[in-house]
Amino acid sequence: MMNSRKYLPPMGLLVAFEACARLQKFTSAAHELSLTQSAVSRQIRALEDIVGVALFVRERQAVRLTPAGEIYAAEIRQSLRDIGNSTLRIKASPGTGTLTLAILPTMGTRWLAPLLPSFVQRNPGVTLNLVTRLEPFNMEAHDVHAAFHYGAPEWPRAELDFLFEETIFPACSKKLKAQYRFESAQDVLRAPLLHLASRPHAWAQWFESQGVQGANVGGISIDQFATATQAACAGLGVALLPEFLFRAEVERGELVSALDVRSRSQGNYYLACAASKAWYPPLKAFREWIKEQTAADTPGWSP
């Protein structure tokens, strides 16, 4: 950081440059910044002297960015936006800061949301932001501190905390079970299968674990657990569902197990934490808290 500071232009020059790049006129930028046109022009000249390249092509009535200026403008605009967002966050939460979490839709609403009040109560100065993500993504680019992840312990530029394993069961409506009279995994193949798009191999793995080799597992692909569950409740087919997320439907009799079989999923649940933000106090507090929650009431594998 100390070495890079000698390349850091004064903030006033960068703000003037961003305004000129966006408005394509020194006069308009001067009006926005409450400066004279000559003052803005001097600031741009000073910045060009610092970076050592021309940033604008001067024309009669306007200016336009050079190719180098286009690249520099995009980077400076993002940097100024990041500074503004950081300022907004600290103004909104002057005590301890904001924590942004990416959640899996069904896990977030059914399992995590009921637990979060205890975290907020323990950490009253932390402002929580929740966003929904299904697949791994660049947390730094999206300004996210941590994400809940199902699958293998793999996430670029992240530290992963193991949370728990998962128990799944073949779920369907009472009417469908009575119609097909399931007695073995082979019988389940006769029924329509509901596939979760994010777990395309789940049924094949389940049949293999039940001793059915090379099963033809065609069926209906659905993008989220909530929709797959409603389809199973309506009798559209059999869905492989995580037991800890859908106990309520079973208790209400809306779903039953096609077979009295519980099995372990191929993947596990993790909290993926942005490695560059591991030092951040709200994130450290959340990591400690979530580990306590899973230790106290692990919703995972129970054969």
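Worth saying up front: this structure is predicted, and the values here are computed from it rather than measured. (Residues numbered from 1 in each chain as written. Predicted model: local features only at pLDDT ≥ 70, side-chain atom pairs only at ≥ 80, totals over all residues. Heavy atoms only, no water.)

Thoughts on helix α2 (residues 26-33)
Turning to α2, its buried residues are F26, A29 and A30. Within α2, the buried residues cover an arc of 100° as seen down the axis, which keeps them to one side. Count one or two residues on from α2 and you reach S34, which has phi positive near 60°. (Buried < 20%, exposed > 50% of the residue type's maximum accessible area, 1.4 Å probe, protein only. Helix = DSSP H or I, 4+ residues; strand = E, 2+ residues; numbered from the N terminus. Arc of directions from axis to C-beta.)

Some thoughts on helix α11 (residues 281-296)
For α11, spanning 16 residues, the distance from its first C-alpha to its last is 23 Å, which sits close to the expected 22 Å at 1.5 Å a residue. The set of residues buried in α11 consists of P282, L283, F286, R287, W289, I290, Q293 and T294. Against β3 (97-103), α5 (105-122), β4 (126-132), β5 (146-151), β6 (158-164) and β13 (268-274) lie the buried residues of α11. (Expected span 1.5 Å × (residues − 1). Contact = heavy atoms within 4.5 Å.)

Describing the pattern of salt bridges
Counted under the stated rule, the structure contains 17 salt bridges. R287 serves as the salt-bridge partner of D161, at 2.8 Å between the closest nitrogen and oxygen. Of this pair, D161 sits in strand β6 while R287 sits in helix α11, and the two are 126 residues apart along the sequence. Accessibility classification places D161 together with R287 in one group, the buried group. (Salt bridge = Lys/Arg side-chain N within 4 Å of Asp/Glu carboxyl O.)

A short note on the environment of K177
Relative to the elements of secondary structure, K177 occurs in helix α6 (residues 174-180). Spatially, the C-alpha atoms of K177 and E140 are 47 Å apart, while their sequence positions differ by 37 residues. With residues near it in sequence (within four places) discarded, K177 still touches C172, F182, V256, S257 and A258.

Some points on the packing of aromatic side chains
The full count for this structure, using the stated rule, is 20 aromatic pairs. Here F164 and F244 contribute two aromatic rings whose centre-to-centre distance is 5.3 Å and whose plane-to-plane angle is 80°, an arrangement assigned as edge-to-face. In this pair, F164 is assigned in strand β6 and F244 in the loop between β10 (238-242) and α10 (247-251), connecting sequence segments 80 residues apart. Given the relative accessible area of 9%, F244 is considered buried. Through a chain of ring-to-ring contacts, the aromatic side chains of W111, Y150, F164, F244 and Y269 assemble into a single cluster. Against the face of F137 rests R133, its NZ or CZ located 5.2 Å from the ring centre. The side chain of R199 reaches across the aromatic face of Y150, ending 3.5 Å from its centre. (Phe/Tyr/Trp six-rings, centres within 6.5 Å; stacked < 30°, edge-to-face > 60°. Lys NZ or Arg CZ within 6 Å of the ring centre and 35° of its normal.)

Some remarks on unusual backbone geometry
Phi at Q24 takes a positive value of approximately 60°, unusual for a residue other than glycine. On the secondary structure map, Q24 appears in the loop between α1 (11-23) and α2. The exposure class of Q24 is partly exposed, given its relative accessible area of 27%.

Focus on the nonpolar core
Core analysis: the largest hydrophobic core is formed by 37 residues, its most contacted members being W111, F148, F286 and I290. Among the elements that take part in this core, α5 stands out by supplying 5 residues, more than any other. What F286 contacts, discounting residues up to four positions off in sequence, is L99, L101, L116, F119, F148 and L271. (Core = buried A, V, L, I, M, F, W, Y, C linked by side-chain atoms within 4.5 Å.)

Quick look at a nonpolar patch on the surface
Residues M11, V15 and I83 make up a contiguous nonpolar surface patch of about 240 Å² in total accessible area. As for its position among the elements, I83 is in helix α4 (residues 67-92). With a relative accessible area of 43%, I83 lands in the partly exposed category. (Patch = residues over 30% accessible without salt bridge, like charges linked within 9 Å, V, L, I, M, F, W, Y side chains within 5 Å. Areas by Shrake-Rupley, 256 points an atom, 1.4 Å probe, with all protein chains shown as cover.)

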